[in-house]
Amino acid sequence: MFALVDCNNFYVSCERVFDLSLVNKPVAILSNNDGCVISRSGELKTLGIKMGVPYFQLKPLIKAHGIEIRSSNYELYGDLSKRVMTVLGDFSPDVEPYSIDEAFLSLSLPDGAGYFAYGQQIRRRIMKWVGIPVGVGIAPTRTLAKIANHIAKKLPEGVFVMPEDNTALLAQLPVEDVWGIGHRLADKLNRLGINTAGQLKLQDDAFIRRQFNVCVARTVIELNGTPALEMDSIGEPSKSISCSRSFGHPVIDLRDLTEAVAVYTSTAATKLRKENQKAAGANVYFQYYPEYGNQALEGGITGTTVIFDFPTGDTGTMLKKIAAVLPGIFIEGRRYKKAGVVFYGLESAAAVQQDIFSYAEASRRDKLYEAVDKINKQFGRKALFQLAEGVLRPWAMKRDHLSPNYTTDWTQIPEVK
Amino acid sequence: MSEGKSKTSTGNPPLMSSCVMAGFPSPAEQYVEQALDLNELLVKHPAGTFFVRTSGDSMLQAGIMSGDILVVDRALDAADGSIVIAAVDGEFTVKYLRKRDNELQLVAANPRYKPITFADGNELQLFGVVTAAIHQFVQQGK
């Protein structure tokens, strides 16, 4: 069985752990450079404010509705995400962080054991330890777990186990809400008369392969209750882009781990650029085996959060930052089974103002500096100096409504009376 | 440019190693294993442990002074007599938790503060249980 654990309104929930003034209020978290709304509290949703609304459109409503605004605090979200993933490591030997706020768990409870109760345990533990509310969807495949999770989030108990007979349930679900079926695929399916998940489930495998591709065929298999997806075969543009894989054999050496992380970073960064996105930071995870030697050690997950100096899609820039922090989470003597990289704080590359600089690869940078020299010649020495200074300044993210780094900076930890 | 930050989950200091430039190897080398780690001592549940800084003297007689850093373990269940962090009137406060028959109390360790009583347990929002206070005499770094 698979569980999909997904944090509710994750960025808002993170802020609320430490800022009591945000409880029961409409809260909006803004994207990089305070561009648009990327996370909403339930109260804000009730006001009818949609995801992605630009900040300037929200501004006139702030006073009237008492809306609280926060800039993205990736240091905080990254740290709490890492904690959530660590807790999940206690519930399953196989955790796949899928984005900053969701993860798949493989579960194999003994026959007759209650998956619902297990889901509730997960939910309670994350709430108690980290303070983040989550929804848990449990089903025989990742695709069905995703659907179960959507249902779970609407239930007060926050947990939903997909029943064996899911005919009625899937009959109500529009096909575009199935994981991995984008708008374009949904349009084509609709034209063929396939409008619901229930109808898609009944399609003939050969027919789907002919009309679509192997990915859609796998989705059909998954809807029928047989796991057919590997994490890396899922090409859905997501809130967060990640790459994680299990190793062929246990890895014990930091150099090997670093290499693996480099490969995954590069793979994920390629995905990122393909979707014309840039990332503000990354979470890096190692998963390790339990040890049964003289000193019994539990298996689990350890991770760290990396914040890039500016949103980037440049593998080299990322690797420099990421490689530097790996020794801090590596523990000698552990046998590692898996590593993963999850990018977050994604934004469209086109939205980043200083594109000409960050796009530039080495050769293009040379050309750029030729241009800089030309400008210098024309406008005088001071112009060159200013421009050189300015190369860095616009890259720094604008975060006017930033909350303290409650968990990652000793000078900003919460105060108690 | 903002300085990029990265934090590790445990913040473990690196494993000890010795580098002998010349001459004989240190006779102690093979006995050196790992530096003592304060995290190991103070943090039992890294995923559920947070740090807060105190302000005020309400827990003075419990040995908590203004400016001390408290280790707060959310994984623990608060019992009668636990020192807890609770949310009261929109602020975090550190107090003793007292459990009576059907009421909860937050009690200061300073007679100048009155206990706060919660008739219905639901009203009291606990952030976590305080497991240690760190009182620094010399500030090391920040």
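None of these values were measured; they are calculated from a predicted model. (Residues numbered from 1 in each chain as written. Chains lettered and ligands numbered in written order. Predicted model: local features only at pLDDT ≥ 70, side-chain atom pairs only at ≥ 80, totals over all residues.)

Can you help me understand the packing of helix α12 (residues 254-274) of chain A against helix α13 (residues 315-329) of chain A in this one?
The relative placement of two packed helices is expressed as an angle between their axes plus a distance between the axes. All names here are of chain A. As a packed pair, α12 and α13 sit with axes 10 Å apart at the nearest point and diverge in direction by 150 degrees. Between α12 and α13, the interaxial angle falls into the category roughly antiparallel. Crossing hand, α12 versus α13: right-handed. For the pair α12 and α13, the contacting residues are Leu-254, Leu-257, Thr-258, Val-261, Ala-262, Thr-265, Ser-266 and Ala-269 in the first and Thr-315, Met-318, Leu-319, Ile-322, Ala-323, Leu-326 and Pro-327 in the second. The class makeup of the residues in the contact of α12 with α13 is eleven nonpolar, four polar and no charged. (Axes fitted to C-alpha atoms, helices over the stretch in contact; angles between N-to-C directions. Helix = DSSP H or I, 4+ residues; strand = E, 2+ residues; numbered from the N terminus. Parallel < 35°, antiparallel > 145°, perpendicular 65-115°, else oblique. Left-handed = near helix turned anticlockwise from the far one by under 90°. Contact = placed C-beta atoms within 7 Å. Nonpolar A, V, L, I, M, F, W, Y, C, P; charged D, E, K, R; others polar.)

What exactly am I supposed to notice about unusual backbone geometry here?
Keep in mind that most residues, glycine aside, have a negative phi and that most peptide bonds are trans. Residue and element names in this part refer to chain A. Positive phi, close to 40 degrees, is recorded for Asn-9, a residue that is not glycine. One non-glycine residue, Asn-24, adopts positive backbone phi at about 65 degrees. Residue Asn-24 is classed as exposed on the basis of its 10 C-beta neighbours within 10 Å. (Buried ≥ 20, exposed ≤ 12 C-beta atoms within 10 Å, placed from the backbone.)

Sorry, what's going on with the interface of chain A and chain B here?
The figure often quoted for interface size is the accessible area lost as the parts come together. If you look at the interface, chain A gives 38 residues, while chain B gives 32 residues. Of all elements in the fold, only α4 (74-88), α5 (115-129), β11 (300-312), α13 and β14 (415-416) of chain A reach the threshold of two or more residues within the side of chain A that touches chain B. In terms of residue class, the side of chain A that touches chain B is made up of 18 nonpolar, ten polar and ten charged. Summarising the sheet, β14(A) and strand β2 (residues 49-54) of chain B pair through two bridges and their orientation is parallel. Bridge pairing in β2(B) places A:Val416 opposite B:Thr54. (Pairing = 2+ DSSP bridges.)

Which parts of the structure should I look at to understand the sheet that holds strand β8 (residues 125-134) of chain B?
Pairing between sheet strands relies on hydrogen bonds along the backbone, with the strands arranged either parallel or antiparallel. Ordered in space as β14(A)-β2(B)-β3(B)-β8(B)-β4(B)-β5(B)-β6(B)-β7(B), the eight strands form an open sheet in which the pairing is mixed. With partners counted over all chains shown, the strands left at the sheet margins are β14 of chain A together with β7 (116-118) of chain B, one partner each. Here four bridges tie strand β4 (residues 83-88) of chain B to β8(B), and the two strands are oriented antiparallel to one another. Pairing of B:Val84 across the sheet is with B:Val129, part of β8(B).

Help me out: how do you make sense of the packing of helix α1 (residues 10-18) of chain A against α4(A) in this one?
All names here are of chain A. At a closest axis distance of 10 Å, the pairing of α1 and α4 adopts a crossing angle of 95 degrees. One way to sum up the angle between α1 and α4 is to call them roughly perpendicular. Residue-level contacts link Phe-10, Tyr-11 and Cys-14 of α1 to Leu-76, Tyr-77 and Leu-80 of α4. When grouped by side-chain class, the residues that make up the contact of α1 with α4 number six nonpolar, no polar and no charged.

What is the right way to read the pairing of strand β3 (residues 69-73) of chain B from this model?
The side chains of a regular strand alternate between the sheet's two faces. Residue and element names in this part refer to chain B. Sheet analysis places β2 next to β3, joined by five bridges and oriented antiparallel. Each bridged residue has a counterpart across the sheet, and for Phe-50 the counterpart in β3 is Val-72. Summarising the sheet, β3 and β8 pair through five bridges and their orientation is antiparallel. Considered in β8, the bridge of Leu-70 is made with Ala-133.

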